[in-house]
Structures are given as C-alpha cells and as structure tokens.
Amino acid sequence: MSGVLLVTGGSRGIGAATARLAAAAGWSVGVHYRKDEAAAQSVVEAIGAAGGKAYAVQGDVAVESDIERFFAQTEEALGPLTAVVNNAGIDGGHSRVSELRADALTRLLAVNVVGLQICCREAVRRMSTRLGGSGGVIVNVSSLAATFGGRTGASDYAASKAAVDVFSVGLAKEVSGEGIRVNVIRPGMTSTDMTSSLDEDPKLRARIEATIPMHRIADADEIARPIVWLLSDEASFVSGAHLDASGGGLIV
Ligand SMILES: NC(=O)c1ccc[n+]([C@@H]2O[C@H](COP(=O)([O-])OP(=O)(O)OC[C@H]3O[C@@H](n4cnc5c(N)ncnc54)[C@H](OP(=O)(O)O)[C@@H]3O)[C@@H](O)[C@H]2O)c1
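Keep in mind that this is a model prediction, so the values were computed, not measured.

*Asks:* A description of the sheet that holds strand 9 (residues 242-245) should follow, citing residues and the corresponding values.
*Replies:* A sheet is described by the order of its strands in space; here seven strands give the open sequence 3-2-1-4-5-6-9, paired in parallel fashion. Taken across any chain shown, the strands that pair with only one partner, and hence form the sheet edges, are strand 3 (54-58) and strand 9. Neighbour to neighbour, the strand axes of the sheet diverge by 20° on average, direction disregarded. Of the strand pairs in this sheet, strand 1 (residues 4-7) and strand 2 (residues 28-33) are connected by four bridges, and their pairing is parallel. Paired with L6 across the strands is G30, a residue of strand 2. Across the sheet, helix 9 (residues 220-231) touches strand 1, strand 4 (83-86), strand 5 (136-141), strand 6 (180-187) and strand 9, and the angle it forms with strand 6 is around 165°.

*Asks:* Explain the pairing of strand 1 residue by residue, including any values.
*Replies:* By the alternation rule, side chains of strand 1 split into V4 and L6 and L5 and V7, which are all buried. Viewed along the sheet, the connection from strand 1 through helix 1 (residues 13-24) into strand 2 turns out right-handed. As paired strands, strand 1 and strand 4 are joined by three bridges and run parallel to one another. Opposite L5, over in strand 4, you have A83 as the bridge partner.

Quick notes on the rules
- Residues numbered from 1 in each chain as written.
- Predicted model: local features only at pLDDT ≥ 70, side-chain atom pairs only at ≥ 80, totals over all residues.
- Pairing = 2+ DSSP bridges.
- Helix = DSSP H or I, 4+ residues; strand = E, 2+ residues; numbered from the N terminus.
- Axes fitted to C-alpha atoms, helices over the stretch in contact; angles between N-to-C directions.
- Contact = placed C-beta atoms within 7 Å.
- Buried ≥ 20, exposed ≤ 12 C-beta atoms within 10 Å, placed from the backbone.
- Right-handed = clockwise from strand over helix to strand, strands pointing away.

Here you go:
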C-alpha cells in the first residue's frame, strides 16, 4: 500500500504501533506527537532502519492552528496526504461524576472530540474529490468504552468516544461519495502508557482481565493491525463501520 499517512499521537502506544506497521505495509508516515519528541523520533528512526519513510511533526490537537501547521508540514515533508489515523487521545484522569471538574472536562473534549473533528476537516479539505483531492481514508480511534459507558470513573471519557463514533458515521455519509472512506476502531483495554497503572496493580489487572472474554488486555500491535487493514484497499467497500478490537467485548 503506498500513500502518505498521518498518525496523530504516533509517538507512543497504539499510534506508534500503527505508524510502524503502516510503514512496513508501504505507507510514508507522518508521526505526530505533542510533547514526547524523543519517542516520536525513535519511531521515525525505527521505520527508517526497516527501510520505510517517516517524518515527525509536533502539535497539540486541542489547538486549531497547531493542527493546520502539522498537516501542512506532513505534506511538505512527504507529499499529498492520502490517509489519516486520528489516534491522539487522553483519558481525562478518571473521575467519578461527583468529582468532575469543568476545566478537565473541557480539556478532554478539546482533545478527544474537537481536535479529532478539526483533524478530519483538514483531511477532508485535502482528500475530497469534491474539493479537488484524489480521495483517501480516515480511521478514527474510539474505545469499547463508548458502547457501555466506561468503567467506573470513565463515563466522561466514554462519552467523548461516543461522540467520535457518531461523528464518524455522519462524516462517512458526507464524504464516502467524495472518495474518502471513514471508519472507527474501538479498542478494548490495551497495554500502553495510558494503562500503565495495571502494571503496578496486579489485583486491579486481574479484576479487569476477568471481565474480558479473552481474559487478557491487548498488545498495541493487535489494535494497529486492524487499523492498517482499514487503511488498505482490502477494505475498499468498508466505510461508516465501527470495528471492535476488544477480545470479545465485556463480560457483564
Ligand atoms: N490504551 C487503551 O487501553 C485504549 C483503549 C481504547 C481506546 N484507546 C484510545 O487509543 C488512542 C491511543 O491510546 P494509547 O493508549 O496508545 O495512548 P498513550 O500511550 O497515552 O499515547 C497517547 C498519544 O497521544 C498523544 N497525545 C495526547 N494528548 C495529545 C494532544 N493534546 N495533542 C496531540 N497529541 C496528543 C501523545 O503524544 P505525546 O507522547 O507527545 O504526549 C501520544 O502519542 C487514544 O485515543 C485512546 O483513547 C486506548
């Protein structure tokens, strides 16, 4: 698969795995990060060492002008964009609703919802055949939490991901006739920095794994592989879909 792919939050976790596997599949990859430049550069170097092409771009997805800049920088470095994985996201810090704070909620929604939608805008402006582009693919990273309201303390996060799910369906209807496929991946709990507290708390880990039909959390590559499939021509008639990569969902 050739083309230019931008992965937001490509410096760590699911985004880094996606960047590496997509590069191995032939994509030139813009590896976006916010603050961990060393992590982004190590992904770029790993891709280069494996014979692929990648370039690191920085920006906060909660800042519109940053998004405009890092989309432009990706194209300057790698050529016209043909795919975007909107992966950058935060968990909001885990508060029961009784402890919610407006500033933390505002940040959560600015990153997970507004930022993702503005990234989609930038992708559509470049890729839509209606606007002179050549088409492309968008994969938005949601969460299984969107389907059940999240675990205790994550209802705000779950709601932000439900917004991603619904927005993506509407966007797919808008642009599937303009050469752009839009799909959602909904990971279950995955081993990344976002879930590192499980490494320090074996009892919590065991409690969570008992609720997953496969009795384990995912490795980041197990989420990245279906993302790379959604990007590929193998998924040429798939648009507006929500793909759960969750080890079977949640045992209730
Ligand atoms: N891990 C899970 O269990 C799980 C489950 C379901 C869904 N997800 C979703 O999968 C996605 C990736 O999660 P992950 O676990 O791989 O997370 P992670 O390891 O914490 O990595 C998050 C990535 O997002 C970037 N990022 C965070 N805030 C940003 C901002 N304001 N602007 C730009 N970039 C920002 C980070 O960049 P820097 O390193 O430079 O800060 C990093 O590259 C998220 O959308 C998450 O909600 C994760």
